[in-house]
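# Architecture and fold: a report
Okay, here's what each chain looks like letter by letter:
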Amino acid sequence: MAGLPDTALPEIAFAGRSNVGKSSVINALTGQSALARTSNTPGRTQQINFFDLGGQLMLVDLPGYGFAKAPKGVVKAWSNLAEEFLKGRANLRRACLLIDARRGFMASDIAVMKALDVAAVSYLVVLTKADKLKPPALARLLKESEAVLKPHIAAYPLLLATSARTGAGIPELRAHLGALASAASND
Ligand SMILES: Nc1nc2c(ncn2[C@@H]2O[C@H](COP(=O)(O)OP(=O)(O)OP(=O)(O)O)[C@@H](O)[C@H]2O)c(=O)[nH]1
Ligand SMILES: [Mg+2]
């Protein structure tokens with residue numbers, strides 16, 4: 001944590017299980033195909049990567065969690081860096097917690113959400129890989145997700161389904177995050 005750059009820019013962080021599509025969402029949002037390194041191999045992003053968007057906003061790609069046999073241990077190891085980051089950054093405007101639409105909320109996601117609730121770090125849940133579901137299944141997942149989110153006091157009351165592949169939901173997510181950047185510059 002001590003070695004991380006300290007900038008005055010508002011920051012948006014992307015967290016979630018390994019392979020959920022964090023790096024791909026960053027590429028889709030910025031309209032770049034290979035800004036953030038993506039991979040079929042879970043655990044590709046192992047450090048915290050900062051992407052400075054024209055000196056206006058910083059996108060932060062966090063390492064994923066949940067890629068191991070012992071989910072509890074992994075969430076614990078992840079907490080040390082990513083969770084400390086989410087709790088400790090003064091300029092963090094929004095944490096996006098990405099959930100793979102094919103898998104839905106897994107035990108490790110719920111554990112992270114609980115940890116963020118306790119730490120009072122507000123987070124926006126974003127479903128990824130929505131292109132993998134047929135419309136009725138996606139509608140069902142959105143409905144179920146509302147119920148899952150309800151007890152989580154730090155979950156922001158908005159749920160977006162996105163696809164980095166088709167671009168679905170990306171303009172909506174970009175608009176939401178862009179509004180945070182302009183709100184920051186009007187401070
Ligand atoms: N079908 C589909 N595949 C996607 C989408 N987004 C990402 N993927 C694929 O999912 C895999 C993982 O994507 P990444 O963006 O590298 O995932 P990550 O969350 O950054 O993974 P780690 O850095 O390992 O934690 C890649 O093979 C991507 O091509 C999507 O919207 N639709
Ligand atoms: Mg990544």
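Please read all numbers here as calculations on a predicted model, not as lab measurements.

## Here we look at the pairing of strand β1 (residues 11–16)
Most of β1 is tucked away, with six of its six residues classed as buried. Here β1 shows two buried faces, one formed by E11, A13 and A15 and the other by I12, F14 and G16. Two strands pair when backbone bridges link them, and β1 and strand β3 (residues 57–61) are joined in this way by four bridges, in the parallel orientation. By the bridge assignment for β3, I12 is matched with L59.

## Describing the environment of L57
As for its placement among the helices and strands, L57 is situated in strand β3. L57 sits 125 residues away from S182 along the chain, and the two C-alpha atoms are 9.1 Å apart. Each residue touching L57, except ones within four places of it in the same chain, is listed here: L9, P10, I12 and A181.

## What about the pairing of β3?
Summarising burial for β3: five of the five residues are buried, a large majority. Residues L57, L59 and D61 point to one face of β3 and M58 and V60 to the other, with burial holding for every one of them. Relative to β3, strand β2 (residues 49–53) is paired through five bridges, and the arrangement is antiparallel. Counterpart to F51 in the pairing with β3 is L59. From the end of β2 to the start of β3, which pair antiparallel, there are three residues, and G54 there has a positive phi angle of about 55°.

## Description of helix α1 (residues 22–30)
With eight of nine residues buried, α1 lies mostly within the body of the structure. Three or more residues of α1 are buried, namely K22, S23, S24, V25, I26, N27, A28 and L29. Positive phi appears at G31, one or two residues downstream of α1, with a value of about 70°.

## Some points on the sheet that holds strand β5 (residues 123–128)
Spatial strand order, β2-β3-β1-β4-β5-β6: six strands in an open sheet with mixed pairing. Only two strands of the sheet have a single neighbouring strand rather than two, namely β2 and β6 (155–161). The average undirected angle you get between the axes of adjacent strands in this sheet is 25°. Seen against the sheet, helix α4 (residues 135–149) touches β5 and β6 and runs at an angle of roughly 170° to β6.

## A look at the nonpolar core
A13, F14, A15, C96, L97, L98 and Y123 are the most contacted members of the largest nonpolar core, which has 41 residues in total. Those elements that provide at least two residues to this core are β1, α1, β3, α2 (71–88), β4 (92–100), α3 (107–118), β5 and β6. Among residues more than four places away in sequence, those in contact with L98 are F14, A15, G16, V20, G21, K22, V25, V126 and T128.

What counts and what doesn't
- Residues numbered from 1 in each chain as written.
- Chains lettered and ligands numbered in written order.
- Predicted model: local features only at pLDDT ≥ 70, side-chain atom pairs only at ≥ 80, totals over all residues.
- Buried ≥ 20, exposed ≤ 12 C-beta atoms within 10 Å, placed from the backbone.
- Helix = DSSP H or I, 4+ residues; strand = E, 2+ residues; numbered from the N terminus.
- Pairing = 2+ DSSP bridges.
- Contact = placed C-beta atoms within 7 Å.
- Axes fitted to C-alpha atoms, helices over the stretch in contact; angles between N-to-C directions.
- Core = buried A, V, L, I, M, F, W, Y, C linked by C-beta atoms within 7 Å.

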